[in-house]
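Chain and residue survey
For reference, the chains in residue letters:
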Amino acid sequence: KSSHRRRPSKIIFTPVFMTRSVFNPRFEDLPRVIPIFPLTGALLLPTGKLPLNIFEPRYLAMVRDALADKQRIIGMVQPRTPDLDDNRGASGYGGDQPVLYKIGCAGRITSFTESEDGRYLLTLSGVCRFDIGEEMAGKDDYRRVIADFKRFRDDVSDPPVFDIDRDRLLLAVKEYFALHNLEISWDAIQATPDDKLITSLAMTCPFGPNERQALLETETAASRADLIIALLEMAILENSSTSDISH
């Protein structure tokens, strides 16, 4: 089965310089009810950009409705039980509806194209995280929730200023990318400001669904940076331990 995320055949990491758009809604203008797109392993963070390949009829309808709204908002949420075969998540009591994590991230459709075979190719730009307050009645088989943004008001503020051990982070990044045979634009990495680098790494590194959810739920950018360093170093250490055992 095909994935809704667009992935290149070979991962090449080039940080994207993301800024808050003048077109982003003000916090006061964020919609109360938003459509949600449950997708295993997909991480969207504020100021991040997530490319999506939409082909299921219910999500085609969701995109059409979102485009008709002036805010063009869609909420990305992970299913609690990963199902990487179809990238939706295992079904819960709702039959075809997976049980979801309670925290997601709202994104605004900032680019959109139609394919000749009936798909939508779009980019979601992260605006603000939210708590799921209550699930509403679905529409055209896609799900909608009351989104509570209050706890994450700082997501729509100016980019945070924080200190990280950048030398330690870059060393871990270099070893991790070599371990996974990922190409890297090192000049771009070194030129990327801390906040944008952390967002790019969190969204691009091939972490598992649980790790991605933990990165989404960190309260501050500084704590997200600490978690990324820990995840990178743990992966390097685990690979080293496995290599030692095999020899």
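Notes on the structure follow. (Residues numbered from 1 in each chain as written. Predicted model: local features only at pLDDT ≥ 70, side-chain atom pairs only at ≥ 80, totals over all residues. Heavy atoms only, no water.)

A few points about the packing of aromatic side chains
Going through the model one piece at a time under the given rule, you end up with five aromatic pairs. Ring centres 4.5 Å apart and planes at 45° place the aromatic pair F37 and Y59 in the tilted group. With F37 in strand β2 (residues 33–38) and Y59 in helix α1 (residues 57–68), this residue pair connects regions lying 22 residues apart in the sequence. Each member of the pair, F37 as well as Y59, is classed as buried. (Phe/Tyr/Trp six-rings, centres within 6.5 Å; stacked < 30°, edge-to-face > 60°. Helix = DSSP H or I, 4+ residues; strand = E, 2+ residues; numbered from the N terminus. Buried < 20%, exposed > 50% of the residue type's maximum accessible area, 1.4 Å probe, protein only.)

Some points on the pattern of salt bridges
Within this structure, the stated rule accounts for eleven salt bridges. A salt bridge links R153 to E28; the shortest N-O distance between them is 2.9 Å. Residue R153 is located in the loop between β7 (142–148) and α2 (166–179), and its partner E28 is located in the loop between β1 (12–13) and β2; the two are separated by 125 residues in the primary sequence. On the basis of relative accessible area, R153 is assigned to the partly exposed category, the value being 41%. (Salt bridge = Lys/Arg side-chain N within 4 Å of Asp/Glu carboxyl O.)

Points about the pairing of strand β4 (residues 73–77)
For β4, the tally of buried residues reaches five of five residues, placing the bulk of the element in the interior. Burial of β4 is two-sided: the residues I73, G75 and V77 facing one way and the residues I74 and M76 facing the other way are all buried. Two strands pair when backbone bridges link them, and β2 and β4 are joined in this way by three bridges, in the parallel orientation. Bridge pairing links P38 to V77 in β4. Where β4 and strand β5 (residues 103–114) come together, four bridges link them in antiparallel fashion. (Pairing = 2+ DSSP bridges.)

Overview of empty space enclosed by the protein
If a probe the size of a water molecule is rolled over the atoms, the empty space left behind becomes visible. A complete count under the given rule lists one cavity of 30 Å³ or more for this structure. Computed from the structure, the largest cavity encloses a volume of approximately 50 Å³. Elements that contribute at least two residues to the lining of the largest cavity include exactly β4, β5 and α5 (209–217). Its residues assigned to classes, the lining of the largest cavity shows eight nonpolar, three polar and one charged. (1 Å grid on protein atoms, 1.4 Å probe; cavity = no way out; pocket = protein on both sides within 12 Å on 5 of 7 lines; lining within 4 Å. Points joined across faces, edges and corners; volume = space filled by probe spheres on them. Nonpolar A, V, L, I, M, F, W, Y, C, P; charged D, E, K, R; others polar.)

Describing the state of the cysteines
Disulfide: a covalent bond formed between the sulfur atoms of two cysteine residues. Following the criterion strictly, the structure yields zero disulfides and no others. Unpaired in this structure, C105 has its nearest cysteine sulfur neighbour in C128, at a distance of 7.2 Å. Judged by its relative accessible area of 1%, C105 falls in the buried class. (Disulfide = S-S within 2.5 Å.)

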